Amino acid sequence: MDDAGSHARFAAGNNVGDIARQQFPNGLLISPDNDLGAALLETKTEVQRKDRRPLFEATFQANDVLVRVDLLLPSERGWDLVEVKSSTSVKDYQLDDAAIQTWVAQGAGIKIASTSVQVLDSQWTYPGKLQYAGLFKQVPVDDVIEPQLAEVPQWIEEAKTIAAGSEPQQEMGAQCDSPFSCGFKAHCSEGLVQAEYPISWLPNLHWTKRALLKDKQIVDLRKVEPDILSDMQRRIQAASQTGEIFSSPLLDSEQASLSGVRYYIDFETIAFAVPIWAGTRPYEKIPFQWSCHIEQLNGVLEHHMFLDLNGNNPEKKFAESLIATTGSSGPVIVYNKSFESGVISSLANKYSELAPQLLAINERMVDLLPLTRAHYYHPRMRGSWSIKSVLPTICPELSYEFLDGVSDGADAMAAYTEAIAAETTTKRRLQIETELRNYCERDTFAMVQLLRRLAGNTNFA
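Below or above, wherever it landed, is the structure these notes cover. (Residues numbered from 1 in each chain as written. Predicted model: local features only at pLDDT ≥ 70, side-chain atom pairs only at ≥ 80, totals over all residues. Heavy atoms only, no water.)

**Looking at the overall build of the protein chain**
Basically, it comes down to this: Numbered from the N terminus, helices here are DSSP runs of H or I no shorter than four residues, and strands are runs of E no shorter than two. We call a residue buried when its accessible area falls under 20% of the maximum for its residue type, exposed when it is over 50%, and partly exposed in between, using a 1.4 Å probe and counting protein chains only. Calculation of accessible area relied on Shrake-Rupley with a 1.4 Å probe; when residues are assessed, cover is drawn exclusively from the protein chains displayed. By the counting rule applied here, Lys and Arg register as positive and Asp and Glu as negative, while His and the ends of each chain are not counted. Where a charge sits is defined by one atom per residue type, namely NZ (Lys), CZ (Arg), CG (Asp) or CD (Glu).
Across its full length, the protein chain holds 16 helices and 13 strands. C-alpha extents for the protein chain along the principal axes are approximately 80 × 60 × 40 Å. Residues classed as buried in the protein chain amount to 44% of the 461 residues present. Of the roughly 24100 Å² that the protein chain leaves accessible, carbon and sulfur atoms contribute 51%. Distance between charge centroids for the protein chain: 2 Å, based on 43 positive and 60 negative side chains.

This is the structure:
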């Protein structure tokens, strides 16, 4: 799929692969130009050498199947096959991959002494100065894939049958998003009869109820028997049937928690598979931007922003500027509290001198998400309470689709990564800065508008 998330996964995988090769400075990259014919010949020559060395992307073919092995390492009993992954634990589909790699290598006449999956150690802390020893942990998988090896020929035959035939007639389902979202989803959904209000909009609908509705060929949530639905699901159904907005007043206790000068905050973070700053870990969420709208008691708004694109670790400056801006009293309003509070707690663990003030921010935090779920639903929200689904129903002119360049969190991470790259031009960096500022400011302004709507205030000035 051609989206920011997919590009980020590919980039992470490539970076992890490069670091994995650095563990073996005497290793050889087989046919880096990806000429598969040349790669097969070069691999054959290398595995027959007396002075064997580690091979990267060793290429084998057997039974019409071709594989490229991440790491093939000489051992006393033959060769150790290592698949390098950018995850922090071994996934089921990675075991299938390792089994196929091993089966093909063995079929090509290679004596595989052991098979492992090498993943990132999420507890390892980067010491800096490009010293990546300890980044990986190697997980032996021989015992797990041993029974799978006998199944691989059947997998191959099934794959050949599918490839040789016409388009498979497979009903769309959970497999379309597992382990990753399929790039053909849009194609497969063409021509399907789509309900105007599909049952997929009903949150937390148990699979047994979904199966029951499927058996009854009920695809429209408006036709579901209400007695099998929860209160929240019935609320969505009623709004879908009538076209009317559900809205209820905030409770006195909820209003009390929102009294005083209000600080609406939103964070953007980056999580590098391979850490680039000393003291950070693989996939650790590093905050690089915050937006804060301050709503005074008279309704006047101020906007403040922190954004650091200089390429250095921004965490401490992020924390210090956030403390200075949010003061010591008044509700700190967020949307989905676990994210912002988790980032703040992580910063408090790192910077003990700032911990009391940071944790005090968490104590003041009020989450708008559960308030919105309890008190508001618009038929156009399509069963979602994400801020991007809610905002267009309140202020259509502020929809995220009108933003240039950066319109979601994945875009923001990709933009930040590009901005701090050495090869990025000043002109492009300034453009990215504007896009990031507009996006993050939109998030906090959206919360202002949402709370005013929940409070019954139609003055969106």
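**Some thoughts on the nonpolar core**
Selection criterion: Only buried residues count toward a nonpolar core. Its members are Ala, Val, Leu, Ile, Met, Phe, Trp, Tyr and Cys residues joined through side-chain atoms within 4.5 Å. It only takes one pair of heavy atoms within 4.5 Å for two residues to be counted as in contact.
One finds Tyr 335, Leu 368, Tyr 416, Leu 436 and Leu 450 to be the most contacted residues of the largest nonpolar core, which totals 55 residues. Where this core is concerned, the elements lending two or more residues are helix 8 (231-242), strand 8 (262-270), strand 9 (286-295), helix 13 (368-375), strand 13 (376-377), helix 14 (387-394), helix 15 (409-419) and helix 16 (426-454). It is helix 16 that provides the largest number of residues to this core, a total of nine residues. The residues touching Tyr 335, leaving out its near neighbours within four places in the chain, are Glu 340, Asp 367, Leu 368, Leu 369, Thr 372, Trp 385, Ser 386, Ile 387, Val 390, Met 447 and Leu 450. One finds Leu 28, Ala 62, Val 65 and Ile 156 within the second-largest nonpolar core, a separate group that totals 29 residues.

**Observations regarding empty space enclosed by the protein**
Heads up, the rule is: In this analysis, the protein atoms alone were mapped onto a 1 Å grid. Cavities are point sets where a 1.4 Å probe fits without being able to get out; pockets are open sets with protein on both sides within 12 Å along at least five of seven lines; lining residues have an atom within 4 Å of a point. Grid points are joined across faces, edges and corners, and a volume is the space filled by probe spheres set on the points. Residue polarity is assigned by list, with Asp, Glu, Lys and Arg as charged and Ala, Val, Leu, Ile, Met, Phe, Trp, Tyr, Cys and Pro as nonpolar; anything else, Gly included, falls into the polar class.
Applying the stated criterion to the full structure yields one cavity of 30 Å³ or more. Here the largest cavity defines a volume of roughly 40 Å³. Lining the largest cavity we find Ala 271, Phe 272, Pro 275, Ile 276, Trp 277, Thr 280, Arg 281, Glu 284 and Ile 286. Looking at the lining of the largest cavity residue by residue, the classes come out as six nonpolar, one polar and two charged.

**Some points on the sheet that holds strand 9**
For clarity, the cut-off: A pair of strands counts as paired when DSSP detects no fewer than two bridges linking them. For helices, the axis comes from a line fit to the C-alpha atoms of the stretch in contact; other axes are also lines fit to C-alpha atoms, and the angle between any two N-to-C directions lies between 0 and 180 degrees.
Spatially, 10-9-8-11-12 is the arrangement adopted by the five strands of the open sheet, whose pairing is mixed. Because the sheet does not close on itself, it has two edges, and the strands there are strand 10 (301-307) and strand 12 (365-367). Neighbour-to-neighbour, the strand axes of the sheet open up by a mean angle of 25°, direction not taken into account. Direction of pairing for strand 11 (residues 332-334) relative to strand 12: parallel, over a ladder of three bridges. From the neighbouring strand, Val 334 faces strand 12, where its bridge partner is Asp 367.

By themselves, these observations are geometric and do not establish any function.
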